[in-house]
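# A closer look at the structure
What follows is each chain in one-letter form.
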Amino acid sequence: MKAILTIGFYDLKVILRDKSAYIWLFVVPLAFVYFTSFSSRPPREARDARPPLQVENLDEGFMGDLVIDILGNQGVRAVTPEKNPNANPKKGLRIPADFSERVLDKKEVKLVFFEITGEESNPNDLLVELIEANLLRTVITFNGYLLEHATNVGNRPISESALRKLIGKEDPVALDSSFAGRKPIPVGFNMSLPGIMVMYLLMNLLIFGGSSIATARRSGGLRRLSIQPVNALQIVFGKLYGLMLLGVVQISGYLLAGQFLFKVNVGDQLFAIALTLLIFAWVSASLGMLIGFLIKSDDKVVGLAIMISLPLAALGGCWWPMEVVPETFRMIAHVSPCAWAMDSLHQLITFGSGLQNVILPLSVLAAYGLVTNILAAKFFRI
Amino acid sequence: MNATPLLETHRLSKRYGDLRAVDEVSFEVRPGEIYGLLGPNGAGKTTSISLACGLLKPDSGKISVGGLDFWNNPKAARRKMGVVPQELALYEELSGRENLEFWGRVAGLSSRDSKTRATELLEALTLTERAKDVVKKYSGGMKRRINLGCALMHRPSLIMLDEPTVGIDPQARANILEFIKKMVEDGVGILYTTHYLEEAEDLCDRIGIIDHGKILAEGTLDELRGQMGDEQLFVIEGGFANQDPEQWPGFLDEFKVVQKKDKQMVVSASQEGDPADYLKKLLAVPVQLENVTLKRPSLNDTFLKLTGRDLRE
């Protein structure tokens, strides 16, 4: 056991001594996480799909702000030309200066709904109709809150805090909606972080694993190890341990960056996510070792590692969500271990599942690990 | 005194296809001696050492380490031996000290023991000042010394050195040879392969001359020289390219041809006699001679006699 730990620890030391390794281990993958997140992210404007309404709040009291909040809850985005220059609202709403005063005096007050000069207005514009409907619902809701307040406290004066409390209260009847039959599509960092993690774990462990074994074969390092009081299996597991340590270093870096830099929630299912990545690292490390035992030339090892890792990553859903590809492609994709790793990670990060829901992908990955590990041991060559 | 040999090989053979790389090689290394395997490149030295240390399995034959059959308990046998391979099998990105500690730990030393032993060896190998430098910044001689040190970490009683001075300058070679001589004083046994005649003459207590996978002769330096008997060797220089000594009248009755090259021949006198008489007979050969020299047989001449070729070829 001591020999295994020593071989692995020193292998890791050798890899981490090379400063350029950090570029491939961390800098490039994290840059990819950032940039590729844009490809699966909706445009900035589309992220708030509510129709814009230009609001001129002239009210000197607190009621105008309440109306704007209720507008938002009713599906209208209140914008101003200063804060939202690109919103292009077609309609505007003016809240008069004495709005609060007149409401508090229980007098009638009118909100002005107007057309914005220069913006073409189509009477059949669905968005305009939506805004009008939501504005109407806003007014009704606002009056409803006033009525509820009056019912609750009688003739006591209306306060902002009391009204806000009413607005924040849970509705007695609510509609809880969720996706039926089809899963939501992971987007943004929720897509790019697991995809790039899986791809670079595979690629780096294939390259560093294959290359370190091939180098040790060329330099005589493996021959020298073979004449020490250790057997071939201890050498294989020592090398595997070193690569798993490298995997742990990468996984830790990616998860920390994911949680704190990209704000992806990995903390809730940290154990299950780390377990998925560790089993996947086992598959990748064993495959890397196998390449190193079969091929001695460094250039060929690196070339083959890239030729294997990129197609497996693309096929396995690291570049685009599996949810957007046809069913047949999805079935074929599961030849790649990346697909099983991605299944598990999406379940844990995006779909809110727990460890009990990812037993199948983890078991398949473990089977891949076992087979590649046995092959690596079988093809052990000095 | 018949101490159990530290290493004993008995009729070891190894074939690669039709090539007999090692052919029934037997030798032993005793405590406190340096046994040299001397032969040209490709003679079978490295294959022999690879078989002796268990890196290769022989097709036939037996290896005993400290009296125990190697392949019955290879781990126990390997604990007793330290092998210095011809190649520099080092972690170039790690320091000299880290390399020593790594091989010490793989050989079974504790962390503390490997640190202590590394300090001792760095001092003995005069590398203390460069201990923290990465190996890739070392000179060839320094790398060779660390390569040697890595095999000595666990204090083996049997050390196998496969051409440990290849490719280094004379000063670095002298340092390594000096270090090896000191090790023998502590009672370890050394198997040393080389194709440098001077190293074998200077270092080895007993020498096995190997060529084409076979041990042709074995013994101490004096014993090997003695194989030439009291023969007188004559080196004659001239143009021999198109000459056949068999055609020279009576020549082969008086001389044996040890080696014939285009411009040089080495011959020995068939019988004892006055060297001056032989010199006269040589000068009478039907070739224009440029020089004739009488010399005492050396180890190289023994090699020449046994193989018909020069060790340096």
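## Comments concerning the overall build of chain B
- Helix and strand counts for chain B come out as 11 helices and 14 strands.
- Along the longest, intermediate and shortest principal axes, the C-alpha atoms of chain B span 75 × 40 × 40 Å.
- Here chain B, with 313 residues, has 52% of them falling under the buried criterion.
- Contacts spanning at least 24 positions in sequence make up 67% of the contacts within chain B whose residues lie at least 6 apart.
- For chain B, the exposed surface amounts to about 14,500 Å²; the carbon and sulfur share of it is 46%.
- The average position of the 42 basic charges and that of the 48 acidic charges among the side chains of chain B differ by 8 Å.

## Some points on helix α11 (residues 270-294) of chain A
- With 25 residues, α11(A) extends 36 Å between its outermost C-alpha atoms, agreeing within 8% with the 36 Å of an ideal straight helix rising 1.5 Å per residue.
- Most of α11(A) sits out of view: 18 of its 25 residues are buried.

## Observations concerning the nonpolar core
- In this structure, V198(A), L277(A), I180(B), I190(B), I207(B) and L299(B) are the most contacted members of the largest nonpolar core, which totals 126 residues.
- The element best represented in this core is helix α8 (residues 189-219) of chain A, accounting for 18 residues.
- With residues up to four places along the chain from it excluded, the contact list for V198(A) reads L277(A), F280(A), C318(A), C338(A), A341(A), M342(A) and L345(A).

## Concerning the sheet that holds strand β4 (residues 60-65) of chain B
Residues and elements named next belong to chain B.
- The strand order across the open sheet formed by four strands is β2-β1-β4-β5, and the pairing between neighbours is antiparallel. Looking along the sheet, the strands with just one partner apiece sit at the ends: β2 (19-29) and β5 (68-69).
- Summarising the sheet, β4 and β5 pair through two bridges and their orientation is antiparallel. Paired with V65 across the bridge in β5 is L68.

## Some thoughts on the confidence of the model for chain A
- On average, residues of chain A score 88 in pLDDT, and 94% of them are at 70 or above.
- Within chain A, the lowest mean pLDDT, 53, falls on helix α3 (residues 44-47) of chain A, and the highest, 96, falls on α11(A).

## Section: the packing of helix α3 (residues 96-106) of chain B against helix α4 (residues 111-124) of chain B
Residue and element names in this part refer to chain B.
- Viewed as axis vectors pointing N to C, α3 and α4 meet at an angle of 130°, and their least axial separation amounts to 9 Å. The orientation of α3 with respect to α4, classified from their angle, is oblique. Crossing geometry of α3 relative to α4 is assigned as right-handed. Along its contact with α3, which presents R97, L100, E101, G104 and R105, the element α4 presents S111, S114, K115, A118, T119 and L122.

## Overview of the domain arrangement of chain B
- For chain B, the domain assignment lists domain 1 (7-223) and domain 2 (230-296).
- On a C-alpha basis, the centres of domain 1 of chain B and domain 2 of chain B stand 41 Å from each other.

## Things to note about the interface of chain B and chain A
- Taken together, the contacts link 29 residues of chain B with 23 residues of chain A.
- Summed over both partners, the interface of chain B with chain A buries about 2,400 Å², with 61% contributed by carbon and sulfur atoms.
- Scanning the region where chain B abuts chain A turns up three salt bridges.
- Between R223(A) and E87(B) there is a salt bridge, with the nearest N and O atoms lying 2.6 Å from each other.
- Scanning the region where chain B abuts chain A turns up 11 residue pairs in polar contact (both at pLDDT 80 or more).
- Counting only elements with at least two residues in the side of chain B that touches chain A, the list comes to α2 (74-80), β6 (81-84), α3 and α5 (140-152) of chain B.

## Considering the pattern of salt bridges
- All told, the structure shown has 26 salt bridges over all chains when counted by the stated rule.
- The salt bridge involving E120(B) is made with R117(B); its shortest N-O contact spans 3.0 Å. Placement of the pair is E120(B) and R117(B) together in helix α4, with a separation of three residues, close to one helical turn.
- R130(B) serves as the salt-bridge partner of D133(B), at 2.4 Å between the closest nitrogen and oxygen.
- Residue classification places D133(B) among the partly exposed residues on the basis of a relative accessible area of 27%.
- Assessed through its relative accessible area of 29%, R130(B) is described here as partly exposed.
- Shared partners join several salt bridges into a network, and the residues in it are K13(A), R17(A) and E98(B).

## Here we look at the environment of G96(B)
All names here are of chain B.
- Along the chain, the position of G96 falls in helix α3.
- Residues G96 and L289, 193 residues apart in the sequence, show an inter-C-alpha distance of 56 Å.
- When residues no more than four places from it in sequence are discounted, the contact partners of G96 are A131, D133, V135, Y138 and I146.

## Let's talk about the side chain of N134(A)
- Tracing the sequence through the fold places N134(A) in helix α6 (residues 126-153).
- Not counting residues within four places of it along the chain, the set of residues in contact with N134(A) comprises Q74(A), G75(A) and V76(A).

## Let's talk about the sheet that holds strand β2 (residues 77-79) of chain A
All names here are of chain A.
- Here four strands make up an open sheet; going across it, the order is β2-β1-β3-β4 and the pairing mixed. Only two strands of the sheet have a single neighbouring strand rather than two, namely β2 and β4 (112-115). Looking at each pair of strands side by side, their axes are set apart by 35° on average, direction ignored.
- In terms of strand pairing, strand β1 (residues 52-57) meets β2 through three bridges, oriented parallel. Counterpart to Q54 in the pairing with β2 is V79.

## Overview of the pairing of β1(A)
Residues and elements named next belong to chain A.
- Chirality of the crossover, the property in question, places the unit of β1, helix α4 (residues 63-73) and β2 among those that are right-handed.
- Examined bridge by bridge, β1 and strand β3 (residues 91-95) share four bridges and lie parallel to one another. Bridge pairing links Q54 to G92 in β3.

## Section: the domain arrangement of chain A
- Taken as a whole, chain A is organised into domain 1 (2-40 + 185-378) and domain 2 (52-168).
- A separation of 54 Å is found between the C-alpha centroids of domain 1 of chain A and domain 2 of chain A.

## Digging into the side chain of R206(B)
Residue and element names in this part refer to chain B.
- For R206, the location among the structural elements is in strand β9 (residues 206-211).
- Look at R206 and you get buried, because its relative accessible area is 9%.
- A polar contact of 2.8 Å, which involves the side chain of R206, links it to the side chain of E33.

## Some words on the packing of aromatic side chains
- Applying the stated rule across the entire model yields 21 aromatic pairs over all chains.
- Judged by centre distance (5.2 Å) and plane angle (75°), the ring pair of Y34(A) and F35(A) falls under edge-to-face.
- For F35(A), a relative accessible area of 54% corresponds to the exposed category.
- Seen in terms of ring centroids, F102(B) and W103(B) are 4.9 Å apart; in terms of plane orientation they differ by 75°. Their pairing is edge-to-face. The burial state of F102(B) is the same as that of W103(B); both residues are buried.
- The rings of F234(B), F240(B), W248(B), F251(B), F255(B) and Y278(B) are connected pair by pair, giving a single aromatic cluster.
- Between the NZ or CZ atom of K57(B) and the centre of the ring of W71(B), over which it lies, the distance is 4.7 Å.

Definitions and limits used
- Residues numbered from 1 in each chain as written.
- Chains lettered and ligands numbered in written order.
- Predicted model: local features only at pLDDT ≥ 70, side-chain atom pairs only at ≥ 80, totals over all residues.
- Heavy atoms only, no water.
- Helix = DSSP H or I, 4+ residues; strand = E, 2+ residues; numbered from the N terminus.
- Buried < 20%, exposed > 50% of the residue type's maximum accessible area, 1.4 Å probe, protein only.
- Contact = heavy atoms within 4.5 Å.
- Areas by Shrake-Rupley, 256 points an atom, 1.4 Å probe, with all protein chains shown as cover.
- Lys, Arg positive; Asp, Glu negative; His and termini not counted.
- Charge placed at Lys NZ, Arg CZ, Asp CG, Glu CD.
- Expected span 1.5 Å × (residues − 1).
- Core = buried A, V, L, I, M, F, W, Y, C linked by side-chain atoms within 4.5 Å.
- Pairing = 2+ DSSP bridges.
- pLDDT = per-residue confidence, 0-100.
- Axes fitted to C-alpha atoms, helices over the stretch in contact; angles between N-to-C directions.
- Parallel < 35°, antiparallel > 145°, perpendicular 65-115°, else oblique.
- Left-handed = near helix turned anticlockwise from the far one by under 90°.
- Domains from an automatic or database assignment.
- Buried area = accessible area lost by both parts, 1.4 Å probe.
- Salt bridge = Lys/Arg side-chain N within 4 Å of Asp/Glu carboxyl O.
- Polar contact = N/O pair within 3.5 Å; in protein donor to acceptor, adjacent residues only side chain to side chain.
- Right-handed = clockwise from strand over helix to strand, strands pointing away.
- Phe/Tyr/Trp six-rings, centres within 6.5 Å; stacked < 30°, edge-to-face > 60°.
- Lys NZ or Arg CZ within 6 Å of the ring centre and 35° of its normal.

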